[in-house]
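# Commentary on secondary and tertiary structure
Here is how the chains run, residue by residue.
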Amino acid sequence: MGDFVEIWQGIWWRILHFSAFSADFKESVMQDLDKVLGLGLAGNFANHLEQAGEAGDFACIIGDEECAPKGIFPFFVPNSSGVLGRFCFDDRAVVLPNDTSLLVQAEAEVGLECDIVYDESSGKKRVKSLIPRYFMAFNDASVRNDKEAKKLSLKKNFSKGSKGFSSQKIAIDEFSPNGACKDYSIVSFVESGGKLEQYGELSELSTYSYFYEKLISWTIKKLNTQEDFGVLEDLPSVLEESRYPSKAIVAIGATRYTQQGENRFLQEGDSVSVIVFNHHKYSFEEICQIAAKLSTKSDEAHNLSDISVLAQKVVR
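Please read all numbers here as calculations on a predicted model, not as lab measurements.

## Considerations on the overall build of the chain
Summing up its helical and strand segments, the chain has 5 helices and 14 strands in all. By residue count, 50% of the 316 residues in the chain fall in the buried class. Considering only contacts in the chain between residues 6 or more positions apart, those separated by 24 or more positions represent 79%. Split by element, the accessible area of the chain, about 15,500 Å² in all, is 51% carbon and sulfur.

So this is what it looks like as structure tokens:
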């Protein structure tokens, strides 16, 4: 009888302290996220830069090949005293800039949570390897019309809620054509006034210009060699400023907009969703149904498997 009482006392203790435990856990995750470097790839999906009106910014930048991404930009730099040091992650809201003249678009992307390993054999730290651990839905929301922004990064960290990624992270078994990513697609939606519209095209992840080992090798190279040129920054200096973090969130490039989404800027009150899903398990019609429920029942999607859903309300 004594053992029975002790067991139930233990169960009740867990129930009574669950909320406090959850709050502590979330706080711990947020603290860890403060130390994670935020990086994005520009031009890793055909025709997106043209749709976003940014192709001209990269006219003087010569890529490794015609289909190569144009470069990497930081959007969150831990320990930075500048604008990029502002914590900008929010998985519930896109917070528009205080300046109401600035126009913002969502950018539906896949985010990779990566471990960074450094080599110091040359006397200074260089990135030796980048190991993707998880992938998830990501919104790389961006300002389109800031003429004062000389660097692409300054259009990226525009508020405390300018970036969001789904808490439904999907483990990467192997980042290769034989791994889990081959079975996934991405799509995005915007809802306003009860009307849902597709915002980004439905695209398989394998249609990124650079993906798998080619993407990782190119990213490592740029982290070690990208110089301050045009709209891009010196990445070795960014790594040094961020005190060589052990983790990074890498947004691997925005997918194309639909015809309606190409000129659709976010308005206060909109709801935006980015969904990465197993296209063998879910039909597009089922994904549309899930998206339609997100503005009122966003937590329901968290009970689904083989899917990563980011649902954000647009606020100011």
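## As for the packing of aromatic side chains
Inspection of the entire model under this criterion finds 15 aromatic pairs. Their ring planes at 80° and their centres at 5.8 Å tell us that Phe76 and Phe89 sit as a pair that is edge-to-face. Placement of Phe76 in strand β2 (residues 71-76) and of Phe89 in the loop between β2 and β3 (93-95) is noted, with a sequence separation of 13 residues between them. Like Phe89, Phe76 is buried. Taking 5.1 Å as the distance between ring centres and 70° as the angle between the ring planes, the aromatic pair formed by Phe175 and Phe211 counts as edge-to-face. Of the two residues, Phe175 sits in the loop between β9 (170-171) and β10 (184-192) while Phe211 sits in the loop between β11 (195-204) and α3 (212-225), which places them 36 residues apart along the sequence. Pair check on accessibility: Phe175 and Phe211 agree, each one buried. These aromatic residues form a ring-pair network of at least three members: Phe75, Phe76, Phe87, Phe89, Phe138 and Phe165. Sitting over the face of the ring of Tyr118, Lys125 holds its NZ or CZ atom 5.4 Å from the ring centroid. A cation sits over an aromatic face here: Lys163 above Phe75, 5.6 Å from the ring centre.

## A short note on the nonpolar core
One broad trend across soluble globular proteins is that nonpolar side chains are buried collectively. Core analysis: the biggest nonpolar cluster contains 43 residues, and Val110, Leu112, Phe135, Phe175 and Phe211 have the highest contact counts within it. Residue assignment for this core shows that the elements contributing at least two residues are β1 (37-42), β5 (108-119), β6 (126-139), β10, α3, α4 (235-241), β12 (247-251) and β13 (271-278). Dropping the residues within four chain positions of it, Val110 is found in contact with Phe135, Met136, Phe138, Ile186, Leu205, Tyr208, Val250, Ala251, Ile252 and Val276. The next biggest cluster of nonpolar side chains, apart from the first, holds 17 residues, and it includes Ile61, Phe76, Phe89 and Leu232.

## Brief notes about the confidence of the model for the chain
Chain-level statistics for the chain give a pLDDT mean of 88 and a share of 84% at 70 or above. The low-confidence segment residues 3-30, where pLDDT is below 50, has 1 contact with residues more than four positions distant or belonging to other chains.

## Structural notes on the pairing of β10
β10 sits mainly inside the fold: 8 of its 9 residues count as buried. Sheet analysis places β10 next to β13, joined by 8 bridges and oriented antiparallel. Across the sheet, Ser188 pairs through a bridge with Val274, a residue of β13. In terms of strand pairing, β10 meets β11 through 7 bridges, oriented antiparallel. Residue pairing across strands places Glu191 opposite Leu196, the latter belonging to β11.

## Things to note about the pattern of salt bridges
Scanning all chains against the criterion turns up 14 salt bridges. The salt bridge partner of Glu65 is Lys214, with a shortest N-O separation of 2.7 Å. Remark: Lys214 occurs in helix α3 and Glu65 occurs in the loop between α2 (48-52) and β2; sequence separation between them is 149 residues. Residue Asp270 pairs with Arg264 through a salt bridge whose shortest N-O separation is 2.7 Å. Overall, Asp270 belongs to the buried group, its relative accessible area being 1%. Under the relative-accessibility criterion, Arg264 is labelled buried at 18%. Because the salt bridges share partners, they merge into one network encompassing Glu107, Asp140, Arg144, Lys156 and Lys163.

## Some remarks on the pairing of β5
Of all 12 residues in β5, 10 are buried, a share of seventy percent or more. Sheet topology places β5 next to β6; 12 bridges connect them, and they run antiparallel. Bridged to Val110 within β6 is Ala137. From the end of β5 to the start of β6, which pair antiparallel, there are 6 residues, and Gly123 there has a positive phi angle of about 100°. Here β5 pairs with β12 via 5 bridges, running antiparallel. If you follow Gly111 over to β12, its bridge partner there is Ala251.

## As for the environment of Leu266
The residue Leu266 is located in the loop between β12 and β13 in this model. Note: C-alpha distance between Leu266 and Leu103 (163 residues apart in sequence) is 7.4 Å.

## What about the sheet that holds β10?
Spatially, 5 strands are ordered β3-β14-β13-β10-β11 in an open sheet, and the strand pairing comes out mixed. Unpaired on one side and paired on the other, β3 and β11 mark the two borders of the sheet. Ignoring strand direction, the axes of neighbouring strands in this sheet form an average angle of 20°.

Rules used throughout
Residues numbered from 1 in each chain as written. Predicted model: local features only at pLDDT ≥ 70, side-chain atom pairs only at ≥ 80, totals over all residues. Heavy atoms only, no water. Helix = DSSP H or I, 4+ residues; strand = E, 2+ residues; numbered from the N terminus. Buried < 20%, exposed > 50% of the residue type's maximum accessible area, 1.4 Å probe, protein only. Contact = heavy atoms within 4.5 Å. Areas by Shrake-Rupley, 256 points an atom, 1.4 Å probe, with all protein chains shown as cover. Phe/Tyr/Trp six-rings, centres within 6.5 Å; stacked < 30°, edge-to-face > 60°. Lys NZ or Arg CZ within 6 Å of the ring centre and 35° of its normal. Core = buried A, V, L, I, M, F, W, Y, C linked by side-chain atoms within 4.5 Å. pLDDT = per-residue confidence, 0-100. Pairing = 2+ DSSP bridges. Salt bridge = Lys/Arg side-chain N within 4 Å of Asp/Glu carboxyl O. Axes fitted to C-alpha atoms, helices over the stretch in contact; angles between N-to-C directions.

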